[in-house]
Amino acid sequence: MLKTFQRQTATAVLRPLRSRIASPSTFYIADRQSRRAYSSEGTEHDVVVIGGGPGGYVAAIKAAQLGLKTACVEKRGALGGTCLNVGCIPSKSLLNNSHIYHQIKHDVKHRGIDVEGVSLNLEGMMAAKDKSVKGLTSGIETLFKMNGVDYVKGTGSIANETEVKVQPLDGGSEISLKTKNIIIATGSEATPFPGLEIDEKKVVTSTGAIALSEVPKKMIVIGGGIIGLEMGSVWSRLGAEVTVVEFLEAIGGPGMDADMAKTMQRILAKQGIKFKMATKVLSGDASGEGVSLNIESVKNGKTETLDADVVLVAIGRRPYTEGLGLENVGIETDERGRIIIDQEYRTKHSNIRVIGDVTFGAMLAHKAEEEGIAAAEFIKKGYGHVNYGAIPSVMYTHPEAAWVGQTEQEVKKSGKEYVVGTFPFIANSRAKTNLDTDGMVKFIADKETDRVLGIHIVGANAGEMIAEGVLAIEYGASSEDIARTSHAHPTLSEAFKEAAMATYDKAIHA
Amino acid sequence: MNATRVLARRTPLIHFVGKRAIPETIDHTPRAHPASPSSSLPTSFKQYREAIANQHGPLVSRSASSKSYFSPKPAPGEFFDRSELPKRFGRLGWSAAEIDAVQSGGASAFA
């Protein structure tokens, strides 16, 4: 510490005015005494977001909307991350279009519609998918321009707590981004299966599964979670014989209520998907024309060999931090590679925040988006909000499965007394007229207060219907609140109301 | 009419709580993230902040004792030298364009 500080005499210096990242082109004369920062002030950002996926691009836009000078670094060459480029969006395109194909081929004859000569044009289906992806990713670029976010195409690495170095995609020289805050939003990647090398042709992750050039005769899906069942559904509808091998005894992963998992498995089995539950994959061999897997029953140790043309590895995803430079700033990860953060998304460096798949919580695009907004608000306002108890999950099979809040198993484990109300779509007028009656709605509510604790839906349009449930949980609604709210007739949402009625009293139509 | 009377007695659990507002007091003390499976933070968070990082913003609740302990203000009559401040307040490097601009008296900016 100095005892005295002699301020220097003011002199005029040059500094860039609203300069861009790489080459400031306009300068103006500034009085030295009046400027508070230094030579490259114009190039310093308030926020640099590393990763342009659903968490990163939303954080960048929100930060810019809050008046912060913001840059977003993305290495893929297209914004939107895994979700838009090789995840949620392309898979939904294939799910939707394969469902239409399957319906025309197998279902419309029951509806008085005769169609002949239906055939699959897989190339065309993939082109439709690519068109959707391109439209959406370029749309984000437009949003960046509209909101004044600097889009930096390259690989970002944290050099120190206030600097991100970017290796441009076009091979140019390294760019240094000085910044007051960094938001890490680098997402996740598919977890590989030990002993099976991913080639995205025969042994594929979800990335390869959305881009197969022909329909495999036989497909094995390792992992009965959401990704595996969605992609298994796509290729099953297009003609593949699909077998799902799942280590656990239930599909859908740990978040799905056991009743709904059973219902869903029964429906998917009816559609032709085979299941090997409580089964472990011991080893795989992809050296031949196809792939063979050795599997073992967890219950009785019985082994078996399965052959397939394509194996989809869908055993989960892991945080992606490769080349991020965490070691340069001593940022810690946990045993599963997730970056450790506090309640305001801060690492131990309070100006470096982390959102989305690369840190704690469900690996869901909409969860990352919420965190992106909250992180930007924490930077600007010191306050943000995400309710982790009200994050919905959706599986976009047909019928869809969707849920929010706690499962019955979780409530039971907590020791809280609860009531359950259900309503099947077979008793819903709209589902009947649609000839689409698989599934049900299930409510779990606190026995004493009637407050809704969890809502689980299997049924057509469940992914849209769950929004009402999320709102109910966010507001702390009782099942009676929902039951006494008018729902239009005839709609599928009446099943939602009736399940609420069944929870606090009795349903009318069941 | 009877039904209306019955409903009138019912108080919905959902009620309007007014426009959302930022709480007047917010405790920024680092705590475990709500989705953290371990529900704890490594000791490095506390150590780092107590040792060197209090310049990054409000890190602790603003009790009188913590305010005085963590205050970044120098004592009366003393001043910080820029070199003592964290890197983020330091001089940034000159870019090539800026150096060119200085050396050419600004002409390079219009070349």
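Please read all numbers here as calculations on a predicted model, not as lab measurements.

> How do you make sense of the UniProt feature "active site" (unreviewed entry) in chain A when you look at a structure like this?
Residues and elements named next belong to chain A. Here, UniProt's "active site" (unreviewed entry) annotation points to His 489. Relative to the elements of secondary structure, His 489 occurs in the loop between helix 13 (479-483) and helix 14 (493-504). Setting aside its immediate chain neighbours within four residues, His 489 contacts Ser 429 and Glu 494. A polar atom in the side chain of His 489 sits 2.9 Å from the side chain of Glu 494.

> In this structure, what is going on with empty space enclosed by the protein? I would like to understand it.
Residues and elements named next belong to chain A. Evaluated as defined, the whole model comprises 1 cavity of 30 Å³ or more. Here the largest cavity defines a volume of roughly 40 Å³. Along the walls of the largest cavity sit Ala 190, Ser 206, Ile 227, Val 313, Ala 314, Ile 315, Gly 316 and Arg 317, which together make up its complete lining.

> Hey, could you run me through a nonpolar patch on the surface in this one?
Judged by side-chain polarity, Ile100(A), Ile104(A), Ile113(A) and Val115(A) come together as a nonpolar surface patch covering roughly 290 Å² of accessible area. Inspection of the secondary structure assignment puts Ile104(A) in helix 3 (residues 88-106).

> So what exactly am I meant to see when it comes to the sheet that holds strand 13 (residues 279-285) of chain A here?
Residues and elements named next belong to chain A. Strand order across the open sheet formed by 3 strands is 13-14-15, with antiparallel pairing between neighbours. Either end of the sheet is taken by a strand with one partner, and the two such strands are strand 13 and strand 15 (303-308). Direction aside, neighbouring strands of the sheet carry axes that sit 30 degrees apart on average. Where strand 14 (residues 291-297) meets strand 15, 6 bridges bridge the pair, whose relative direction is antiparallel. The residue bridging Val 291 from the neighbouring strand is Ala 308, located in strand 15.

> Even after reading the chapter, I still don't get the UniProt feature "binding site: NAD(+)" (unreviewed entry) in chain A, so can you show me in this structure?
Residues and elements named next belong to chain A. Per the UniProt record, the feature "binding site: NAD(+)" (unreviewed entry) sits at Gly 223, Gly 224, Gly 225, Ile 226, Ile 227, Gly 228, Leu 229, Glu 230, Glu 246 and Gly 316. Over a stretch of 94 residues, the named residues converge on one spot in the fold, their C-alpha atoms separated by at most 14.3 Å. If you take the residues mentioned a moment ago, the ones lining the largest cavity come down to Ile 227 and Gly 316. Judged by its relative accessible area of 8%, Gly 223 is buried. Beyond its immediate sequence surroundings of up to four residues, Gly 223 is in contact with Gly 228, Val 244, Val 245, Glu 246 and Ala 314.

> Before we go on, may I ask you to explain the packing of aromatic side chains in this structure?
Describing an aromatic ring pair means giving the distance of the ring centres and the angle of the ring planes. All names here are of chain A. The final tally for this structure, using the stated rule, is 3 aromatic pairs over all chains. Seen in terms of ring centroids, Phe 443 and Phe 496 are 5.1 Å apart; in terms of plane orientation they differ by 70 degrees. Their pairing is edge-to-face. Here Phe 496 lies in helix 14 and Phe 443 lies in strand 22 (residues 440-446), a separation of 53 residues in the sequence. Each member of the pair, Phe 443 as well as Phe 496, is classed as buried.

> What am I meant to see in unusual backbone geometry here?
What you tend to see is this: most non-glycine residues have negative phi, and most peptide bonds are trans. In this chain, His398(A) is followed by Pro399(A) through a cis amide linkage whose omega measures 0 degrees. By the element assignment, Pro399(A) lies in the loop between strand 19 (393-395) and strand 20 (400-405). For the peptide bond that leads from His489(A) to Pro490(A), omega is -5 degrees, which places it in the cis range. You can see Pro490(A) is positioned in the loop between helix 13 and helix 14. One non-glycine residue, Glu200(A), adopts positive backbone phi at about 60 degrees. Among the secondary structure elements, Glu200(A) is positioned in the loop between strand 8 (188-190) and strand 9 (203-204). Overall, the relative accessible area of 29% leaves Glu200(A) in the partly exposed class. The phi torsion at Ser39(B) lies on the positive side, around 55 degrees, for a residue other than glycine.

> Is there a simple way to explain the nonpolar core in this structure?
A general trend in soluble globular proteins is that nonpolar side chains are found buried together. Residues and elements named next belong to chain A. Of all hydrophobic cores here, the largest spans 55 residues; its most connected members are Phe 144, Leu 177, Ile 183, Ile 184, Ile 339 and Tyr 345. Here the element with the most residues in this core is helix 1 (residues 54-65); it accounts for 7 residues. If we skip the residues at most four places from it in the chain, Ile 183 touches Val 47, Val 48, Val 49, Ile 50, Ala 59, Arg 353, Ile 355, Ala 375 and Ile 379. Core analysis: the next-biggest nonpolar cluster, separate from the first, contains 39 residues, Val 86, Ile 267, Ile 273 and Ala 401 among them.

> In this structure, what is going on with the pattern of salt bridges? I would like to understand it.
Where charged atoms from two side chains of opposite charge come close, those side chains can pair. All names here are of chain A. All told, the structure shown has 23 salt bridges over all chains when counted by the stated rule. The partner of Glu 230 in a salt bridge is Lys 92, and the shortest N-O contact between them spans 3.0 Å. Here Glu 230, found in helix 6 (residues 226-237), pairs with Lys 92, found in helix 3; they are 138 residues apart in sequence, far enough to count as distant. With a relative accessible area of 5%, Glu 230 lands in the buried category.

> Teacher, can you tell me more about the packing of helix 1 of chain A against helix 9 (residues 365-381) of chain A here?
For any two helices packed against each other, one specifies the inter-axial angle together with the distance between the axes. Residue and element names in this part refer to chain A. The N-to-C vectors of helix 1 and helix 9 enclose an angle of 30 degrees; their axes lie 7 Å apart at closest approach. The angle between helix 1 and helix 9 falls in the class roughly parallel. The interaxial crossing formed by helix 1 with helix 9 has right-handed handedness. Listed contacts from helix 9 to Pro 54, Gly 55, Val 58, Ala 59, Lys 62 and Ala 63 of helix 1 are Ala 365, Ala 368, Glu 369, Gly 372, Ile 373, Ala 376 and Glu 377.

> Even after reading the chapter, I still don't get the sheet that holds strand 11 (residues 241-245) of chain A, so can you show me in this structure?
Residues and elements named next belong to chain A. Taken together, the 5 strands give an open sheet; going across it, the order is 9-16-10-11-12, and neighbouring strands pair in parallel fashion. Single-partner strands in this sheet number two, and they are strand 9 and strand 12 (274-276). Two elements, strand 10 (residues 218-222) and strand 11, share 5 bridges in a ladder whose sense is parallel. Across the sheet, residue Ile 220 finds its bridge partner in strand 11, namely Thr 243. Strands strand 10, strand 11, strand 12 and strand 16 (310-313) of the sheet are contacted by helix 6, whose axis makes an angle of about 165 degrees with strand 11.

> Explanation requested: the environment of Thr191(A) in the structure shown.
All names here are of chain A. Take Thr 191: it is sitting in the loop between strand 8 and strand 9. Thr 191 sits 286 residues away from Ala 477 along the chain, and the two C-alpha atoms are 38 Å apart. Apart from residues no more than four positions distant in its own chain, Thr 191 is found in contact with Val 313, Ile 315, Gly 316, Arg 317 and Arg 318. Among the polar contacts made by the side chain of Thr 191, one reaches the main-chain amide nitrogen of Arg 317 at a distance of 3.5 Å.

> Even after reading the chapter, I still don't get the pairing of strand 20 of chain A, so can you show me in this structure?
A regular strand places its side chains so that they alternate between the two faces of the sheet. All names here are of chain A. The buried count for strand 20 comes to 5 of 6 residues, which makes it a mostly enclosed element. By the bridge criterion, 3 bridges tie strand 19 to strand 20 in an arrangement that is antiparallel. The residue bridging Ser 393 from the neighbouring strand is Trp 403, located in strand 20. Examined bridge by bridge, strand 20 and strand 23 (residues 452-459) share 6 bridges and lie antiparallel to one another. Directly across from Ala 401, in strand 23, lies its bridge partner Val 458.

> Looking at this model, I keep getting lost on the environment of Tyr320(A). Mind explaining?
With respect to the secondary-structure elements, Tyr320(A) resides in the loop between strand 17 (317-319) and helix 8 (326-329). Excluding residues that lie within four positions of it along the chain, Tyr320(A) makes contacts with Lys75(A), Thr186(A), Gly187(A), Ser188(A), Glu189(A) and Val358(A).

Thresholds, definitions, all that
- Every chain begins its residue count from 1, and numbering advances along the sequence as written.
- Following the order in which they are written, the chains are lettered starting with A and the ligands numbered starting with 1.
- The predicted nature of this model means local features are confined to residues of pLDDT at least 70 and side-chain atom pairs, given and counted, to a pLDDT of 80 or more, with totals for whole chains, interfaces and linings taken over all residues.
- Side-chain metrics in this entry use all non-hydrogen atoms of the structure; hydrogen atoms and water are not considered.
- UniProt positions are given in the numbering used here, feature names are shortened, and annotations may be inferred rather than shown by experiment.
- Runs of H or I in DSSP of at least four residues are treated as helices and runs of E of at least two as strands, each being numbered from the N terminus.
- The contact criterion used throughout is that any non-hydrogen atoms of two residues lie within 4.5 Å.
- Any pair of N or O atoms that falls within 3.5 Å is considered a polar contact. Within protein, one atom must be able to donate a hydrogen and the other to accept it, and sequence-neighbouring residues count only if both atoms are side-chain atoms.
- Each cavity reported here is a set of points on a 1 Å grid over the protein atoms alone in which a 1.4 Å probe fits but cannot get out, each pocket an open set with protein on both sides within 12 Å along at least five of seven lines, and each lining residue one with an atom within 4 Å of a point.
- Grid points are joined across faces, edges and corners, and a volume is the space filled by probe spheres set on the points.
- Think of a patch as exposed residues, more than 30% relative accessible area, with no salt bridge, where like charges cluster within 9 Å and nonpolar side chains (Val, Leu, Ile, Met, Phe, Trp, Tyr) cluster within 5 Å.
- Residue burial considers only the protein chains on display, and all accessible areas are found by Shrake-Rupley using a 1.4 Å probe.
- Here, a salt bridge means any Lys or Arg side-chain nitrogen found within 4 Å of an Asp or Glu carboxyl oxygen.
- For two strands to pair, DSSP has to find at least two bridges joining them.
- Axis geometry follows a simple rule: fit a line to the C-alpha atoms, using only the stretch in contact for helices, then measure angles between N-to-C directions, giving values from 0 to 180 degrees.
- Buried, partly exposed and exposed residues are distinguished by accessible area as a fraction of the type maximum, computed with a 1.4 Å probe on protein chains only: under 20%, between the cut-offs, and over 50%, respectively.
- Between rings of Phe, Tyr and Trp, where Trp is taken as its six-membered ring, a pair exists when centres lie within 6.5 Å; planes separated by under 30 degrees are stacked, by over 60 edge-to-face, and by other angles tilted.
- Each nonpolar core is a collection of buried residues, namely Ala, Val, Leu, Ile, Met, Phe, Trp, Tyr and Cys, held together in the definition by side-chain atoms within 4.5 Å.
- Put simply, angles under 35 degrees are roughly parallel, angles over 145 are roughly antiparallel, angles from 65 to 115 are roughly perpendicular, and the rest are oblique.
- Should the near helix be turned anticlockwise from the far one by less than a right angle, the crossing is termed left-handed; should it be turned clockwise, right-handed.

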